[in-house]
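# Commentary on secondary and tertiary structure
Now for the letters of each chain:
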Amino acid sequence: MGQAKLDPPKLGEPYLLTPGPLTTSYATKQAMLRDWGSWDSDFRAMTAAMRAQLLEMIGPGADDFDCVPMQGSGTFAVEAMLGSLLPRDSKTLVLVNGAYGQRIAKTMAYLNRDHVVIDKGDYMPPRGDEVAVALAADTSISHVVLVHCETSSGILNPVEEIAEVVHAAGRSLLIDSMSAFGALELQADKVPYDAIVSSANKCIEGVPGFGFVIARKAMLEASNGNAQSLSLDLFDQWAAMEKTGQWRFTPPTHVVAAFMEALAQHRAEGGVAGRGVRYANNRDVMVAGMRDLGFETLLKDRWLSPIIVTFFCPTDPAFDFTRFYDAMKSRGFIIYPGKLTVVDSFRIGCIGQMDEAVMRDVVAAARESLTEMGVASAAPPAAALEERARLAA
Ligand SMILES: *Cc1c(COP(=O)(O)O)cnc(C)c1O
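In what follows, the accompanying structure is described. (Residues numbered from 1 in each chain as written. Predicted model: local features only at pLDDT ≥ 70, side-chain atom pairs only at ≥ 80, totals over all residues. Heavy atoms only, no water.)

### Things to note about the sheet that holds strand 5 (residues 143-147)
What counts is decided by this rule: Any two strands are treated as partners once DSSP identifies two or more bridges connecting them. Helix and strand definitions follow DSSP, with helices as H or I runs of at least four residues and strands as E runs of at least two, each counted in order from the N terminus. Only the contacting stretch of a helix is used when fitting its axis, a line to C-alpha atoms as for every element, and angles between N-to-C directions run 0 to 180 degrees. In what follows, a contact means two residues having at least one pair of non-hydrogen atoms within 4.5 Å.
The 7 strands are arranged 2-10-9-8-5-3-4 in an open sheet whose pairing can be described as mixed. Each end of this open sheet is capped by a strand with a single partner; those strands are strand 2 (65-71) and strand 4 (114-119). The sheet shows a mean angle of 20° between the axes of neighbouring strands, direction not considered. Those strands touched by helix 6 (residues 159-168) are strand 3 (91-96), strand 5 and strand 8 (172-176), and its axis lies near 160° from that of strand 8. Sheet contacts for helix 8 (residues 234-244): strand 2 and strand 10 (210-216); angle to strand 2, the most-contacted strand, approximately 105°.

Laid out in structure tokens, this is it:
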């Protein structure tokens, strides 16, 4: 795997320290400078190659699975997965610890699918033992849905632990791996799951426009007739694609072309492992630098994902998030507001065409921004640290 050669944004274009859309390579953007006929054999071949390459990423167990792309943002693909793969008489346990888990529960209500929720609040991880208890207590629960990396706090949920428990209880696991797939291993022969969902503009570093579900073929075959939406019917999309090689409705042709280029770069970097190493290094360099400035992370190291990190806002009255955001932007970095309910926070993403040199520049920009605002200390309020101390070891 070797050091990836990165392709920085052109002069004047800021880095997006956000969890998608993110900073893509110039070659990926350039791949969009051609028009494709959606029915043409060249584009059909591209779709087939894309599906095969995505399947390869789940490792040796991939033969039992198939990959179905779906137009729209990631949420469209999540809704397609839930509405198509969950039978109408199913009952699902939804594990929630942030905004994306909440969105899944809300989608279940729209879909009118029976469900129960374990809600751990803003950033406590759901754990295997409590899932085991819930599944033992209610034998009518047939499925479990888990968010892999909960992007709203940046927590890396214990996916292997929960998958083992769900498998041991004989239930079916669906994973929202939107912000993790492509950078964190999710091998089908190691983690027992039935379906995962991700999108073009996260760790594969494509541009936004479609998502994809990787599901067991047996589950796809059994899903005929489940969906109540035509455009989001994953079975219908799959069946049509298998038969004709085409997307049912207008595909995001330029986005797919860009994604093929992004996939080639992903492979050149050493695949999932190589990409994961770069992101983890980005996180480590950035977090160490921010801590040197006095900032504190919401999460203890064990739960920090290599995707995005939440920091507490400093308690110093001179600190103002909007001013901090503008000061960072003027230095070429777009950061992300926080999504916590209890304390003020902001987030810095580690994914996209960035390496540790960029992350050191991010820290330098943060230092300058604090000075410009007259912030003497980046320390968070005591209440935030007390809240953090509640986090399980
Ligand atoms: C990005 C993301 C989604 C999808 O969000 P969209 O804005 O619809 O692309 C879903 N789940 C998680 C965990 C995400 O990070």
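### Quick notes on the environment of Val 116
To keep it simple, the criterion reads: For every residue, the accessible area obtained with a 1.4 Å probe (protein chains only) is divided by the maximum for its type, and the residue is called buried under 20%, exposed over 50%, and partly exposed between those limits.
In this fold, Val 116 is placed in strand 4. By relative accessible area, which is 29% here, Val 116 ends up partly exposed. Between the C-alpha atoms of Val 116 and Ala 105, which are 11 residues apart in sequence, the distance is 8.4 Å. The residues contacting Val 116, other than those within four sequence positions of it, are Lys 91, Thr 92, Leu 93, Val 94 and Ile 141.

### Overview of the site of the ligand
Note the cut-off: Residue proximity to a molecule or strand is established when one non-hydrogen atom of the residue lies within 4 Å of it. Here a polar contact is recorded for every N or O atom pair within 3.5 Å, except that within protein the pair must consist of a potential hydrogen donor and a potential acceptor, and residues adjacent in sequence are included only if both atoms are side-chain atoms. Surface accessibility follows the Shrake-Rupley procedure with a 1.4 Å probe radius. Residue values consider only the protein chains on display as shielding. Nonpolar residues are Ala, Val, Leu, Ile, Met, Phe, Trp, Tyr, Cys and Pro. Charged residues are Asp, Glu, Lys and Arg, and all others, Gly as well, are polar.
In the vicinity of the ligand, the contacting residues are Ser 73, Gly 74, Thr 75, Tyr 100, Arg 103, Val 147, Cys 149, Thr 151, Asp 176, Met 178, Ser 179 and Lys 202. Taking Asp 176, its side chain carries an N or O atom lying 2.7 Å from a nitrogen atom of the ligand. Between the ligand and the protein, one listed contact pairs an oxygen atom with a side-chain N or O atom of Lys 202 at 2.8 Å. Its free accessible area being 380 Å², the ligand has 86% of it covered by the protein chains. For the shell around the ligand, the secondary structure elements donating two or more residues are helix 3 (74-85) and helix 4 (99-111). Across the shell around the ligand, the residue classes break down as 4 nonpolar, 5 polar and 3 charged.

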